[in-house]
Amino acid sequence: MSVDLNEIEETEVELEDWLVGQAESGVPEVVLIGLLRDYADDIEHLGYVPRMWGHSDR
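Conventions used here
Going along each chain's sequence as written, the residues are numbered from 1 onward. Selection of residues for local features in this predicted model requires a pLDDT of at least 70, selection of side-chain atom pairs for listing and counting requires 80 or more, and totals for whole chains, interfaces and linings are taken over all residues. Derived side-chain values reflect all non-hydrogen atoms in the structure, with water molecules and hydrogen atoms excluded from consideration. Comment: axis = line fitted to C-alpha atoms, over the contacting stretch for helices; angle = value between 0 and 180 degrees taken between N-to-C directions. Each helix corresponds to a stretch of at least 4 residues labelled H or I by DSSP, and each strand to a stretch of at least 2 residues labelled E; elements are numbered beginning at the N terminus. Two helices crossing with the near one rotated counterclockwise from the far one by less than a right angle form a left-handed crossing, whereas a clockwise rotation gives a right-handed crossing. Contacts are residue-level and defined by heavy atoms, with any inter-residue pair within 4.5 Å sufficient. For this scheme, ten residues count as nonpolar: Ala, Val, Leu, Ile, Met, Phe, Trp, Tyr, Cys and Pro. Four count as charged, namely Asp, Glu, Lys and Arg, and the remainder, Gly too, count as polar. Patch membership requires more than 30% relative accessible area and the absence of a salt bridge. Residues of like charge join within 9 Å; the nonpolar side chains Val, Leu, Ile, Met, Phe, Trp and Tyr join within 5 Å. Here the open area of atoms and residues is found with the Shrake-Rupley method and a 1.4 Å probe, where only the protein chains shown may cover a residue. Take a side-chain nitrogen of Lys or Arg and a carboxyl oxygen of Asp or Glu: if they are within 4 Å of each other, that pair is a salt bridge. Here the positive residues are Lys and Arg and the negative ones are Asp and Glu; neither His nor the chain ends is included. Where a charge lies is defined by one atom per residue type: Lys uses NZ, Arg uses CZ, Asp uses CG and Glu uses CD. Using a 1.4 Å probe on the protein chains alone, a residue whose accessible area is under 20% of its type maximum counts as buried, one over 50% counts as exposed, and one in between counts as partly exposed.

1. Focus on the packing of helix H1 (residues 5-24) against helix H2 (residues 29-46)
Then comes step 1: Close contact between H1 and H2 brings their axes to 9 Å; oriented N to C, the two are set at 145 degrees. Once H1 is placed against H2, the crossing between them reads as right-handed. Contact residues: H1 offers Trp18, Leu19, Gln22 and Ala23, while H2 offers Glu29, Leu32 and Leu36.
Then comes step 2: Class assignment for the residues of the contact of H1 with H2 results in 5 nonpolar, 1 polar and 1 charged.

If you want it as structure tokens, here you go:
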């Protein structure tokens, strides 16, 4: 599976934009950090990104 660097950069920009939007909407940075860590932990534990996130996955 080849990696498209343009797609990675676009995704990075989209994530940054989303994070900025959340922070500007008043979501505390500590909450955003916690969410990112939780999702990263889940992905690391599973070894893949689930195509659907559900309560049973967490």
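2. Digging into a negative patch on the surface
Then comes step 1: Residues Asp4, Glu7, Glu9, Glu10, Glu12, Glu14, Glu16 and Asp17 make up a contiguous surface patch of negative charge.
Then comes step 2: By the secondary structure assignment, Asp4 is in the segment before H1.
Then comes step 3: Relative accessible area serves as the criterion here: at 41%, Asp4 is assigned to the partly exposed category.

3. A word on the environment of Leu35
Then comes step 1: Summarising the element assignment, Leu35 is placed in helix H2.
Then comes step 2: Given a relative accessible area of 37%, Leu35 falls into the partly exposed group.
Then comes step 3: Remark: the alpha-carbon pair of Leu35 and Glu16, spanning 19 residues in sequence, is separated by 14 Å.

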